[in-house]
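Topology and contacts: notes
So the chains spell out like this:
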Protein chains: 2
Amino acid sequence: MSKKSKKLVEQITSRDEDFAQWYTDIVKKAELADYSSVKGCMIIRPYAYAMWESIQGYLDKRFKETGHENVYMPVFIPESLLQKEKDHVEGFAPEVAWVTHGGDEELTEKLCVRPTSETLFCEHYAKIVQSYKDLPKLYNQWCSVVRWEKTTRPFLRTTEFLWQEGHTIHETKEQAESETKRMLNIYAELCENVLAMPVLKGQKTEKEKFAGGEATYTIEALMHDGKALQAGTSHFLGQNFAKSFGMQYSDRDGKLQYVYQTSWGITTRLIGAIIMVHGDDNGLVVPPRIAPVQVIIVPVAQHKEGVLEKANELKDRISKIARAKLDDSDKMPGWKFSEYEMKGVPIRLEVGPKDIEKNQVVLARRDTGEKIFVPMEDLENKIPELLDDIHNNMFNRAKQSVEEKTHAAVNMKEFKDIVENKTGFVKAMWCGDRECEDKIREETGATSRCMPFEQEEVSDTCVYCGKKAKKLVYWGRAY
Amino acid sequence: MSKKSKKLVEQITSRDEDFAQWYTDIVKKAELADYSSVKGCMIIRPYAYAMWESIQGYLDKRFKETGHENVYMPVFIPESLLQKEKDHVEGFAPEVAWVTHGGDEELTEKLCVRPTSETLFCEHYAKIVQSYKDLPKLYNQWCSVVRWEKTTRPFLRTTEFLWQEGHTIHETKEQAESETKRMLNIYAELCENVLAMPVLKGQKTEKEKFAGGEATYTIEALMHDGKALQAGTSHFLGQNFAKSFGMQYSDRDGKLQYVYQTSWGITTRLIGAIIMVHGDDNGLVVPPRIAPVQVIIVPVAQHKEGVLEKANELKDRISKIARAKLDDSDKMPGWKFSEYEMKGVPIRLEVGPKDIEKNQVVLARRDTGEKIFVPMEDLENKIPELLDDIHNNMFNRAKQSVEEKTHAAVNMKEFKDIVENKTGFVKAMWCGDRECEDKIREETGATSRCMPFEQEEVSDTCVYCGKKAKKLVYWGRAY
């Protein structure tokens, strides 16, 4: 490695020394995001945006396969519309941005920039649905939303972020509940099969559920520093909004009924999760299936005869099976190595005069650092195989990390010890009372992450009050 | 045709009777857009959004092939940032929406909701570009923008609309100018090869150019009612913004230079153009290459044995070569015919017991109404051929309509006669003075649409003042 490349690596804070600074360093050095002069808003740079496009591509395909259609709703919501569902407005009003002037005129009614679009979908559905024949309506929207945040961090918590929001209405409670679960499962598939990120599926407590909904399902991921991150949520809204907005249809017997409703979403914070689950002291490690560049080709001694020609030839070949890029700039190879390590490209292909002589290349894995020699004629087989292998290894490594960082607690002494010293998920029983949940948060900083679908009984009493336990809850400090 | 289907058709205003009402009827009946309780904002419904996705898909691919990268910039622009380029703020400030409050707090500086993002890109580029090695930067963004409009119409003029905005910076003037033209050509390709809509390429006058730019290139389309519509623009911004925002780089000799810049965009108004170029008294006619449904399969006598099975089998086969949909609902075939005519589906495939007996289907073209019998085994060949044929026919018909509605004028009497009676483009010479341009607008309502790249000389004096002519200009009333 050249001196220059060493220097580049040294500019990153060590992950175990200062996790927050390490995160910020990666966001900057891997060119993922930049700050703008708008407080709390970020610029998503091409490399991160390409990952978002991969996530979009995967999900949009899955949404369409499951019968969903995309629409676009206005960016503004009139104050009176936001106020139609009581719990909903209480949940969101404190954190919205208000438009009060258009051009030179003051508006007669102020408009908020959408924090979420339930109210707009409800108003529209109420207009377009008459009969059971019009149901279900399965709509989705890709857009940005705004929530006025006091403290922000790129991808994890920003005033504006990108997301998709699904909004569906159904004839029966069963259909809506099944939709809610179906979409949660699609999110879990995305996380595990595409982002190599294990998630825990479960239900939020009443305290943590969506404002205006009946039940919120969630997938929770665990970051390298032992803090949890909510990676996606799916809400069963029951008939709450239907009643506030008059979303009715005539059923098979000609009687008027209220629809059952769901909503569900994932956001650009997933990119923050990718950084914090997979990254290391050399930078980002991008899961192969969303990597904007899967194979970076670095010629060695590229001034020598035949090297660039061969590198170009390999690029053309590999481009047919993977997202490949050739870096033929005049930087030193060692500098390039560091740069693509920082950007977390899954495979680096090195090719120099000696390799050409032996009709082979070097493939270096980003996840393990391992280097292998591969005969040139085997690349079409070897590269897809290696990308899958890297995905599996990253997933298993992350899975193991979650397991190591998940601890059961049967009393508050154990609970606090885990939160303070071991970090990670605390598995502990809960009586179901809001008061215990509040106290736990007050005393430990940990919130209830979810009541997992797969329940166990780690004891039979509530970890806080000692009364009879109702549910196993995963707790943790969270992003 | 059944009575019911007749009724459906009769609900549309005739195109030649009341063009504006006809347009509104199609938007509603073909389920393209809906109004929301937010003044001037529209809901883009699934059928229209799917067309927008097709447009996006085509353009995004072309952008990436030509080396562009997608990014995402904040939705808000601080007032002080908008004000950095003098002409730009004058052009946009009167029509922006202002955010003055976040949550319960009044902001210290108000933020506008982006009407366009030049200022944000400039600020970002100024930070990330140091050397000529960093150039060019070829960024694009897909997003929505807001312009506070007094009178609005779905797709054509709305307070919020969807668009893409490309923003690039370059070392030399030549490179930037060539980029400006390259992107205009890609827009023209989209319109002609995908939307079957002929366009005229040219340059805007000083009066009509982009606020803060040096030159604006445009593609202009002509609607069925003879009014023009600006379908896409590409701006050469020179070094104006570079100087206001300090976008400098060190050149190959180590000297500081200002970059040359471009920006370019197309919007959801293209969907309005599609309606107004191709639609007829039976509804929308969607160009095959962006049609969400290219082939609608309508079973005839579907209760009879074997009909639905055959229809399903055909759907599976055709889905491999085209976007096909089967309507097996219990509505009458005639009703379905009207519905898909209204939605402008390019090909209707009818299949009933007699067809099955003869091993054939009926294909009905939306553009001409023509019906042909096709042996079932020929569908894989016939359908793609027919879709191309429909595209070509729609393009040629539109092209002919533009030619018939383009008239030369050598004096104001002729000019006014064309605008009032013949409608369409007026080709007339211009001396280059702003005053003549202003007077023409005042007296006729026609604006200068562009100075076409392919210049002719229809006379040698200005159509207004009679002084020596400098340029041929296309004029017209416009959307």
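The rules we used
Residues numbered from 1 in each chain as written. Chains lettered and ligands numbered in written order. Predicted model: local features only at pLDDT ≥ 70, side-chain atom pairs only at ≥ 80, totals over all residues. Heavy atoms only, no water. Axes fitted to C-alpha atoms, helices over the stretch in contact; angles between N-to-C directions. Helix = DSSP H or I, 4+ residues; strand = E, 2+ residues; numbered from the N terminus. Left-handed = near helix turned anticlockwise from the far one by under 90°. Contact = heavy atoms within 4.5 Å. Phe/Tyr/Trp six-rings, centres within 6.5 Å; stacked < 30°, edge-to-face > 60°. Lys NZ or Arg CZ within 6 Å of the ring centre and 35° of its normal. Buried < 20%, exposed > 50% of the residue type's maximum accessible area, 1.4 Å probe, protein only. Right-handed = clockwise from strand over helix to strand, strands pointing away. Pairing = 2+ DSSP bridges. Polar contact = N/O pair within 3.5 Å; in protein donor to acceptor, adjacent residues only side chain to side chain. UniProt positions renumbered as here; feature names shortened; annotations may be inferred. Salt bridge = Lys/Arg side-chain N within 4 Å of Asp/Glu carboxyl O. Buried area = accessible area lost by both parts, 1.4 Å probe. Nonpolar A, V, L, I, M, F, W, Y, C, P; charged D, E, K, R; others polar. Disulfide = S-S within 2.5 Å. Least-squares fit on C-alpha atoms with pLDDT ≥ 70 in both. Patch = residues over 30% accessible without salt bridge, like charges linked within 9 Å, V, L, I, M, F, W, Y side chains within 5 Å. Areas by Shrake-Rupley, 256 points an atom, 1.4 Å probe, with all protein chains shown as cover. Lys, Arg positive; Asp, Glu negative; His and termini not counted. Charge placed at Lys NZ, Arg CZ, Asp CG, Glu CD.

Structural notes on the packing of helix 3 (residues 46-65) of chain A against helix 7 (residues 173-194) of chain A
When two helices pack together, their arrangement is captured by the angle between the axes and the distance separating the axes. All names here are of chain A. Direction vectors running N to C along helix 3 and helix 7 enclose 145 degrees, while the axes themselves pass 11 Å from each other. Here the hand of the crossing between helix 3 and helix 7 comes out right-handed. Residues Ile55, Tyr58, Leu59, Arg62 and Phe63 of helix 3 pack against Met183, Ile186, Tyr187, Glu189, Leu190 and Val194 of helix 7.

Things to note about the packing of aromatic side chains
Enumeration according to the criterion identifies 29 aromatic pairs over all chains in this entry. On the numbers, 5.7 Å between centres and 55 degrees between planes, the contact of Tyr217 of chain A with Phe453 of chain A is tilted. In this pair, Tyr217 of chain A sits in strand 10 (residues 215-222) while Phe453 of chain A sits in the loop between strand 22 (447-452) and strand 23 (471-476), placing the two residues 236 residues apart along the sequence. Pairwise contacts between aromatic rings join Trp52, Phe63, Trp142, Tyr187 and Trp264 of chain A into one cluster. The cationic tip of Lys110 of chain A hangs over the ring face of Trp98 of chain A; the distance from NZ or CZ to the ring centre is 4.4 Å. Directly above the aromatic system of Tyr479 of chain B lies the positively charged group of Lys227 of chain B, at a separation of 4.4 Å from the ring centroid.

Description of the pairing of strand 15 (residues 295-299) of chain A
All names here are of chain A. Buried residues dominate strand 15, accounting for five of its five residues. On strand 15, burial covers both faces: Val295, Ile297 and Pro299 on one face and Ile296 and Val298 on the other are all buried. In this region the chain leaves strand 15, passes through helix 10 (residues 307-319) and returns to the parallel neighbour strand 16 (residues 324-326); the handedness of that crossover is right-handed. In this structure, strand 15 lies alongside strand 17 (residues 347-351), joined through five bridges in parallel fashion. Directly across from Val295, in strand 17, lies its bridge partner Ile347.

A closer look at the side chain of His167 of chain A
Residue and element names in this part refer to chain A. On the secondary structure map, His167 appears in strand 8 (residues 160-170). Its relative accessible area of 1% is what places His167 among the buried residues. For His167, the side chain forms a polar contact with the side chain of Glu165, separated by 2.8 Å. Non-local contacts of His167, meaning those with residues more than four positions away in its chain, are made with Ser117, Glu118, Phe121, Tyr125, Lys137, Leu138, Tyr139, Thr262 and Ser263.

Comments concerning the UniProt feature "domain: Aminoacyl-transfer RNA synthetases class-II family profile" (unreviewed entry) in chain A
Here the UniProt-annotated "domain: Aminoacyl-transfer RNA synthetases class-II family profile" (unreviewed entry) positions come out as residues 49-287 of chain A. The span residues 49-287 of chain A shows a helical share of 32% and a strand share of 33%, and its end C-alpha atoms are spaced 15 Å apart.

Here we look at the pattern of salt bridges
In the structure shown here, the tally under the stated rule is 69 salt bridges over all chains. Residues Arg289 of chain A and Asp388 of chain A are paired through a salt bridge, measuring 2.9 Å at the closest nitrogen-oxygen approach. Of the two residues, Arg289 of chain A sits in the loop between helix 9 (269-278) and strand 15 while Asp388 of chain A sits in helix 13 (residues 379-404), which places them 99 residues apart along the sequence. Accessibility expressed as a relative area gives 34% for Arg289 of chain A, which makes it partly exposed. By relative accessible area, Asp388 of chain A is classed as partly exposed at 37%. Notably, a salt bridge pairs Lys61 of chain B with Glu65 of chain B, separated by 3.2 Å at the nearest N-O pair. Of the two residues, Lys61 of chain B and Glu65 of chain B are both situated in helix 3 (residues 46-65); the distance of four residues between them amounts to about one turn of the helix.

Topic: the environment of Leu308 of chain B
Residues and elements named next belong to chain B. Examined against the element boundaries, Leu308 turns out to sit in helix 10 (residues 307-319). Since its relative accessible area comes to 26%, Leu308 is described here as partly exposed. Sequence separation between Leu308 and Tyr187 is 121 residues; the distance between their C-alpha atoms is 42 Å. If we ignore the near neighbours within four places in the chain, the residues touching Leu308 are Pro299, Gln302 and Asp328.

Details of helix 9 (residues 269-278) of chain B
Buried residues dominate helix 9 of chain B, accounting for 10 of its 10 residues. Within the span of helix 9 of chain B, buried status applies to Arg269, Leu270, Ile271, Gly272, Ala273, Ile274, Ile275, Met276, Val277 and His278 of chain B.

A word on the interface of chain B and chain A
Facing 54 residues of chain B, the contacting portion of chain A comprises 54 residues. When the two sides are added together, the surface that chain B and chain A hide from each other amounts to roughly 4,300 Å², 59% of it contributed by carbon and sulfur. Summed over the three residues of chain B that lose the most area to chain A, namely Pro46, Tyr72 and Phe76 of chain B, the buried surface amounts to 14% of that side. Viewed at the interface, chain A and chain B are joined by six salt bridges. Salt-bridge contacts for Lys150 of chain B lead to Glu105 of chain A; the nearest nitrogen and oxygen are separated by 3.3 Å. Taken together, chain B and chain A are joined by 29 residue pairs in polar contact (both at pLDDT 80 or more). The leading source of residues in the side of chain B that touches chain A is strand 5 (residues 97-102) of chain B, at six residues. A class-by-class count of the residues in the side of chain B that touches chain A yields 31 nonpolar, nine polar and 14 charged.

Focus: unusual backbone geometry
Omega for the peptide link from Leu135 of chain A to Pro136 of chain A comes to -5 degrees, which places this bond in the cis form. Relative to the helices and strands, Pro136 of chain A resides in the loop between helix 6 (118-128) and strand 7 (137-146). In this structure, Phe155 of chain B is a non-glycine residue whose phi angle is positive, near 70 degrees. Mapping Phe155 of chain B onto the fold places it in the loop between strand 7 (137-146) and strand 8 (160-170).

Quick word on the state of the cysteines
On inspection of all chains with the given rule, the structure shows zero disulfides over all chains. Looking at Cys41 of chain A, it has no disulfide partner, and the nearest cysteine sulfur is the one in Cys112 of chain B, 12 Å off. Assessed through its relative accessible area of 3%, Cys41 of chain A is described here as buried. Note on Cys450 of chain A: no disulfide assigned, nearest cysteine sulfur contributed by Cys191 of chain A at a separation of 13 Å. Overall, the relative accessible area of 0% leaves Cys450 of chain A in the buried class.

Comments concerning the sheet that holds strand 21 (residues 425-430) of chain B
All names here are of chain B. Taken together, 11 strands build an open sheet; the order of strands is 3-7-8-14-11-10-9-22-23-21-20 and the sheet is mixed. Of all strands in the sheet, those with a lone pairing partner are strand 3 (69-70) and strand 20 (406-408), marking the two edges. Direction of pairing for strand 7 relative to strand 8: antiparallel, over a ladder of 10 bridges. Bridging across to strand 8, Gln141 finds its partner in Glu165. In the packing of helix 14 (residues 412-422) onto the sheet, contacts are made with strand 20, strand 21 and strand 23 (471-476), and the angle to strand 21 comes to roughly 165 degrees.

Some words on the sheet that holds strand 18 (residues 360-365) of chain A
All names here are of chain A. Pairing is mixed across the open sheet formed by five strands, whose spatial order is 16-15-17-18-19. At either end of the open sheet lies a strand with only one pairing partner, and these are strand 16 and strand 19 (371-375). For this sheet the average axis-to-axis angle between neighbouring strands, irrespective of direction, equals 25 degrees. Alignment of strand 18 against strand 19, held across five bridges, turns out to be antiparallel. In the strand pairing of strand 19, Val361 is matched with Val374. On top of the sheet, helix 10 reaches strand 15, strand 16, strand 17 and strand 18; it is set at about 170 degrees to strand 15, its chief contact. Each of strand 15, strand 17, strand 18 and strand 19 touches helix 13; the most contacted strand, strand 18, lies at about 10 degrees to it.

Some thoughts on the relation of the copies chain B and chain A
When chain B is fitted to chain A, the best match, at an RMSD of 0.0 Å, comes from turning it 180 degrees and sliding it 0.0 Å along the axis. Taken together, the rotation and translation describe the operation of a two-fold axis. Residue Val99 of chain B, judged by its C-alpha, is the member of chain B lying nearest the rotation axis, at 2.1 Å. When the interface residues of chain B are mapped onto chain A, 100% of them are again interface residues, pointing to one common binding face.

Thoughts on a negative patch on the surface
Residue and element names in this part refer to chain A. On the surface, Asp16, Glu17, Asp18 and Asp281 cluster together to form a negatively charged patch. Residue position: Glu17 is located in the loop between helix 1 (3-10) and helix 2 (19-29). Classification of Glu17 by relative accessible area gives exposed; the value is 69%.

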